[in-house]
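This is what each chain is made of:
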Amino acid sequence: MSVEYKFPEGFWWGSATSATQIEGAANEGGKGRNIWDYWYSKEPNRFFGGVGPEATSDFYHSYQDDIKRMKDIGHNSFRLSISWSRLILGGRGEINQEAVKFYNDVINELIAHDIEPFVNLFHFDMPLEMQEIGGWENRQVVDLFVDYADVCFDLFGDRVHKWFTFNEPIVPVEGGYLYDFHYPNVVDAKRAIQVGYNTMIASAKAIEKFRSHHFAESQIGIILNLTPSYPRSQNPADLKASQIADLFFNRSFLDPSVLGKYPREFIQLLEEHGQLPQIEEGDSDLISANTVDLLGVNYYQPRRVKAKDHLPNPYSPFMPDWFFDNYEMPGRKMNKYRGWEIYEKGIYDIMINLKENYGNIESFISENGMGVQDEERFMKDGRIEDDYRIDFITGHLKWLHQAIEEGCNAKGYHLWSFMDNWSWMNAYKNRYGFFSVDLETKERKPKKSAYFMKRIAEQNGF
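Just so it is clear, the model here is predicted, and its values are computed rather than measured.

1. Brief notes about the packing of helix H14 (residues 387–405) against helix H15 (residues 448–459)
Put simply, H14 and H15 touch, their axes get as near as 8 Å, and they point 30° apart. Between H14 and H15, the angle falls in the class roughly parallel. Judged by the sense of rotation from one axis to the other, the crossing of H14 with H15 is right-handed. Residues Asp387, Arg389, Ile390, Ile393, Thr394 and Leu397 of H14 lie in contact with H15, whose contacting residues are Lys448, Ser449, Phe452 and Ile456.

2. Some details on the sheet that holds strand S9 (residues 325–326)
What holds strands together in a sheet is hydrogen bonding between their backbones, with the strands either parallel or antiparallel. Pairing in this open sheet of 3 strands is mixed, and the strands run S6-S8-S9 from one edge to the other. Each edge of the open sheet is held by one strand with a lone partner, namely strand S6 (229–231) and S9. Two elements, S6 and strand S8 (residues 303–306), share 3 bridges in a ladder whose sense is parallel. Along S8, the bridge assignment pairs Pro231 with Val305.

3. A short note on the nonpolar core
Counting 132 residues, the largest nonpolar core has Trp84, Leu87, Trp136, Phe145, Trp163, Leu295 and Leu400 as its most contacted members. Counting residues per element, this core draws most heavily on helix H9 (residues 189–212), at 12 residues. Other than its neighbours up to four places away in sequence, Trp84 contacts Gly91, Phe122, Met126, Pro127, Met130, Trp136, Val141, Leu144, Phe145 and Tyr148.

4. Some thoughts on the sheet that holds strand S1 (residues 12–16)
Ordered by their spatial adjacency, 8 strands build a closed barrel running S1-S2-S3-S4-S5-S7-S12-S16, and the pairing between neighbours is parallel. On average, each strand axis in the sheet is tilted by 30° relative to the strand beside it, whichever way the strands run. One ladder, built from 5 bridges, connects strand S5 (residues 219–225) with strand S7 (residues 294–298); its direction is parallel. By the bridge assignment, Ile222 is partnered in S7 with Leu295. The sheet strands contacting helix H7 (residues 139–156) are strand S4 (162–167) and S5, and the helix crosses S4 at an angle near 155°. Along the sheet face, helix H10 (residues 236–259) touches S5 and S7 and points at about 170° away from the line of S5.

5. Concerning the pattern of salt bridges
What the rule picks out here adds up to 33 salt bridges. The shortest N-O distance in the salt bridge between Glu367 and Arg79 comes to 2.8 Å. With Glu367 in strand S12 (residues 363–367) and Arg79 in strand S2 (residues 77–81), this residue pair connects regions lying 288 residues apart in the sequence. Side by side, Glu367 and Arg79 carry an identical accessibility label, which is buried.

6. Quick word on a negative patch on the surface
Together, Asp374, Glu376, Asp438, Glu440 and Glu443 line one region of the surface with negative charge. Take Asp374: it is sitting in the loop between strand S13 (372–373) and strand S14 (379–380).

7. Section: the environment of Asp285
Following the sequence through the fold, Asp285 ends up in helix H12 (residues 283–289). Separated by 24 residues in the primary sequence, Asp285 and Lys261 place their C-alpha atoms 9.1 Å from one another.

8. As for the packing of aromatic side chains
In this description, an aromatic ring pair is defined by two values, namely the gap between the centres and the angle between the planes. One pass over the full model with this rule turns up 55 aromatic pairs. Considering the side-chain rings of Phe318 and Phe323, the 5.9 Å spacing of their centres and the 65° angle between planes classify their relative orientation as edge-to-face. On the basis of relative accessible area, Phe318 is assigned to the buried category, the value being 8%. Taken together, a centroid distance of 5.2 Å and an interplanar angle of 55° make the contact between Tyr348 and Trp399 tilted. Linking Tyr348 in helix H13 (residues 345–357) with Trp399 in helix H14, this pair joins segments that are 51 residues apart in sequence. Exposure remark for Tyr348: the relative accessible area of 15% places this residue in the buried category. Here a set of aromatic residues connected by ring pairs shows up, and it is made of Trp36, Trp39, Tyr40, Phe47, Phe124, Trp422 and Trp424. The aromatic ring of Tyr343 is capped on one face by Arg304, whose charged end is 4.8 Å from the ring centroid.

9. Section: the pairing of S12
Where a strand is regular, its side chains alternate between the two sheet faces. With 5 of 5 residues buried, S12 lies mostly within the body of the structure. Here S7 runs beside S12; their pairing, made up of 4 bridges, is parallel. Bridge pairing in S12 places Gly296 opposite Phe364. Bridge analysis of S12 against strand S16 (residues 410–415) gives 2 bridges, and the strand direction is parallel. Of the residues in S16, the one forming a bridge with Ser363 is Ala410.

Definitions and cut-offs
Residues numbered from 1 in each chain as written. Predicted model: local features only at pLDDT ≥ 70, side-chain atom pairs only at ≥ 80, totals over all residues. Heavy atoms only, no water. Axes fitted to C-alpha atoms, helices over the stretch in contact; angles between N-to-C directions. Helix = DSSP H or I, 4+ residues; strand = E, 2+ residues; numbered from the N terminus. Parallel < 35°, antiparallel > 145°, perpendicular 65-115°, else oblique. Left-handed = near helix turned anticlockwise from the far one by under 90°. Contact = heavy atoms within 4.5 Å. Pairing = 2+ DSSP bridges. Core = buried A, V, L, I, M, F, W, Y, C linked by side-chain atoms within 4.5 Å. Buried < 20%, exposed > 50% of the residue type's maximum accessible area, 1.4 Å probe, protein only. Salt bridge = Lys/Arg side-chain N within 4 Å of Asp/Glu carboxyl O. Patch = residues over 30% accessible without salt bridge, like charges linked within 9 Å, V, L, I, M, F, W, Y side chains within 5 Å. Areas by Shrake-Rupley, 256 points an atom, 1.4 Å probe, with all protein chains shown as cover. Lys, Arg positive; Asp, Glu negative; His and termini not counted. Charge placed at Lys NZ, Arg CZ, Asp CG, Glu CD. Phe/Tyr/Trp six-rings, centres within 6.5 Å; stacked < 30°, edge-to-face > 60°. Lys NZ or Arg CZ within 6 Å of the ring centre and 35° of its normal.

Given below as C-alpha cells:
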C-alpha cells in the first residue's frame, strides 16, 4: 500500500491519558485523596452511572501488559500524568516511596519498549488538603506545587526528557469556578480569573525550577486545549464576539505561556469590568522569563460564536458569556453520540495561527479523539469495528499533514486515548480508546482502530 500522507522523520505517534483517569488504586499504595475522591464520596449521583475514580481502568496493576500493548500498536511515545496526591501525601512533605516505585517502574517499562514517556505534572487532580486551603486561589499552593514539580524532576528527570506543567489549565477554571462541572463548584468569575492567573504563575515557576536543573536534551512545555473561535459571519459584531471568546478561552493561557505576556485587550476588558486578579511584584518578569519550549495542543471541536442576541442580566454573575452566544452552524458535521461538531480543518487553523503569531513554536497534537457511547453496537466477530474513529483520525491527520507541508512546526499526534478511561463526571459513558475495557473484568480488547494506528505508525503515514 503506498503512503500518500508521509510524516516527518521521528514523528511522535502515541496516545495520552492522566493518572486519575486510568490508575485506579485510589486508596492503595499510600495515595492521599484528591478532589475527585472527595467529591465522589459526597455526591456520587453527579457521576455518570455512579462510577467513581476508585478502580477506573486499573493501570496501577496492569501497566506492564498495557505498555506491551502500546508497543504492539506502534507507539513511540505516551503521555501520562503524575498524581500529586499519590506522590506526596497531602500535597506537601513526605514523599511516598510506593508511588516513587510505581512511577519509576512505569517510566522504565516505557523506555524498555522504546516508548518515550511524556510526563505531565497536573491534570485536574488537586490534592484535597491543597484545595482545603484554597487550591489555585492560594499562592502558597502555587509554591507547594513547585516543590512537588522539583521532586518529580529530581526523581525522574534523568530519564524523562519531555515535561509538561499543566494539561488544559482552563478546565479547572471553567469547571470549578464558572460553570459548576468540577469541584469546588464555585460560580464566581473574579475567583475564576485568580485561579487561571495563579496557574500561569505556577507554570512559570515550575519552568524556572526545571531550568535550574540544567538537564541536557530535555524540554518543558504546557498542554492547552486551543479551540479556534469561529464567528458566525464577517459582521463586525460577530467578529468582536469571536475575538473576545478567543481571549478568554485561548489567549489567556497561550499568550503568557508562549509569548511571556498577557494580551493587552484581555487586561483592558477585565479592568473595565472590575475582574482583574491580584498580582505580586515580579510576576510579569517571571512570566516573560519562563516561556515554554514545547506546546501540546488538544483539539476536539471548534467553538462557533455570534454576537449576543440579548443583553446580559446586570444582576447575574459576570461571565465570559456576557460577550458572545454560542452558534450552531447549519449543516455542520456532528459526532452525534457526544453532541460535538467534527471540524477537521480546525487542527490546521490552530497550527497556522501558531506559525504566524507564536513564533512557529515546536508543538504537537497532544489530544484528539472521538467519544462514542455504547460501542458494543459496533461489535463484529468479537471486535469493535470503530470505522467512525478511523475516519475521524484520518480527517484530522490530513489537515495536520497539510499544515506541516506549509511549514508548521508540528512534531506528533497523540490520540485520546490508549484505552477506554474514566472521564471526570462522565465516567465511562463515552469511550475513546484504541482498546476497549470491560468494567467488570478489566479485560482489554483492541478495536479496529488499534490495527489502523499500528499501520500508520509503522509506515509513518497513511
